[in-house]
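# Working through the structure, step by step
Chain by chain, the residues:
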Amino acid sequence: MKNYTVEALILKRMDFGETDRIITLLTPNHGKIRAVAKGVRRPGSRLAGHLEPFSHAKVFLAKGRNLDIITQAQTLNQYRELRADLSAVSMAFYLSELAERVSVEGEKNYPLFNLFTQTLSQLATEGERNMLLSWFDLSLLELLGYKPDLQRCHECGHDIPTQASYTLTASGLVCRACQDHTAGGICIKAPILANLRLLQDGFFDVAGSSLDWKEVTQTRQALQFIMAYTLQRQFRASDFMEKVQRLCPEA
Ligand SMILES: [Zn+2]
């Protein structure tokens, strides 16, 4: 049996058998790994505390016949600050679910791993979390090769200035002249377009700046629209997050 060690983020865990769990890991070198943590649900298991959802850990594995076996784990970052806040936890579940869906087993993906760790670290700090999630979504779309064009009309190629309302489709913006013969899409106002462009430029550290919460929410909705169309399904974690935010309106 061959042993190997990975740096991983814990994406998901699922009870298995009497006392085991199947853990889904995101690694930079091996992409997604599904592995068994034996006896992890027994009281006093030494593994359990190191395999919490969205923890960053060093994981030791042994090759198994079907799934590999987790023999040992060591926490590198638990994102403790994040866990104290239900709204941040729901967002971390959203990130985990997205990462789980877009990652591939056995396929290395350093950019996805880095994007995920960077976003979790930011999520653990104070700041505008909805803007952070929107930045994550835009960055993820770019990684997947679906970067929306926010500068030119997707139909005719004309430059689009930031000064009026436009139609936003999953592929990008559509100018006024083209919008009548464009199916689908949502209307976005100039400040939302400005926010999207800032986020696409990599600007996400907006802590302390005076953002209008309504515009932040609308920016988030614009991104959710693009994500839903691009990835062709709504995410369960996204629904969960919305429920939590209704419970905690100040979040
Ligand atoms: Zn056009």
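These lines cover the structure that appears in this document, whether it is placed above or below. Since the model is a prediction, treat every value here as computed from it, not as a measurement.

What counts and what doesn't
Residues numbered from 1 in each chain as written. Predicted model: local features only at pLDDT ≥ 70, side-chain atom pairs only at ≥ 80, totals over all residues. Helix = DSSP H or I, 4+ residues; strand = E, 2+ residues; numbered from the N terminus. Buried ≥ 20, exposed ≤ 12 C-beta atoms within 10 Å, placed from the backbone. Contact = placed C-beta atoms within 7 Å. Expected span 1.5 Å × (residues − 1). Core = buried A, V, L, I, M, F, W, Y, C linked by C-beta atoms within 7 Å. Domains from an automatic or database assignment. Pairing = 2+ DSSP bridges. Axes fitted to C-alpha atoms, helices over the stretch in contact; angles between N-to-C directions.

## Notes on the overall build of the chain
Looking only at helices and strands, one finds 8 helices and 8 strands in the chain. Here the chain, with 251 residues, has 34% of them falling under the buried criterion. Taking the intrachain contacts of the chain between residues at least 6 apart in sequence as the baseline, contacts between residues at least 24 apart amount to 56%.

## Observations concerning helix α3 (residues 110-123)
The end-to-end C-alpha distance of α3 is 20 Å, a good match for the 20 Å that 14 residues give at a rise of 1.5 Å each. Along α3, the residues that are buried comprise L112, F113, F116, T119, L120, Q122 and L123. Check the buried side of α3 and you find it contacts β1 (3-16), β2 (20-27), α1 (80-83), α2 (86-102) and α4 (129-143).

## Focus: the nonpolar core
Judged by nonpolar contacts, the single largest core of 58 residues is most densely connected at I10, L25, A92 and L95. Among the elements that line this core, the one with the most residues is α2, at 8 residues. Shared between two domains, this core takes at least three residues from each, and those domains are domain 1 (3-78) and domain 2 (81-247). Setting aside its immediate chain neighbours within four residues, I10 contacts I23, L25, L51, E52, P53, F54, S55 and A57.

## Digging into the environment of L95
Along the polypeptide, L95 turns up in helix α2. Exposure remark for L95: the 24 C-beta atoms within 10 Å place this residue in the buried category. Along the sequence, L95 and T119 sit 24 residues apart, while their C-alpha atoms lie 8.5 Å from each other. Residues within four places of L95 in sequence aside, it is in contact with F116, T119, L120 and F136.

## Comments concerning the environment of F93
On the secondary structure map, F93 appears in helix α2. A C-alpha to C-alpha distance of 7.8 Å links F93 and F54, two positions 39 residues apart in sequence.

## Some points on the sheet that holds strand β4 (residues 56-62)
With respect to topology, 5 strands assemble into a closed barrel ordered β1-β2-β3-β5-β4, the strand pairing being mixed. Here the average twist between neighbouring strands, direction ignored, is 50°. Sheet analysis places β1 next to β4, joined by 7 bridges and oriented antiparallel. In the strand pairing of β4, Y4 is matched with L61. Helix-sheet contacts for α3 involve β1, β2 and β4, and the interaxial angle to β2 is about 105°.

## Description of the sheet that holds strand β8 (residues 186-188)
Within a sheet, neighbouring strands are paired by backbone hydrogen bonds and run either parallel or antiparallel to one another. A sheet is described by the order of its strands in space; here 3 strands give the open sequence β7-β6-β8, paired in antiparallel fashion. A single partner strand is all that each edge strand has here, and the edge strands are β7 (172-174) and β8. Neighbour to neighbour, the strand axes of the sheet diverge by 45° on average, direction disregarded. Where strand β6 (residues 166-169) and β8 come together, 3 bridges link them in antiparallel fashion. When the sheet's bridge partners are listed, L168 is paired in β8 with I186.

Interpretation in functional terms is not warranted from these geometric data alone.
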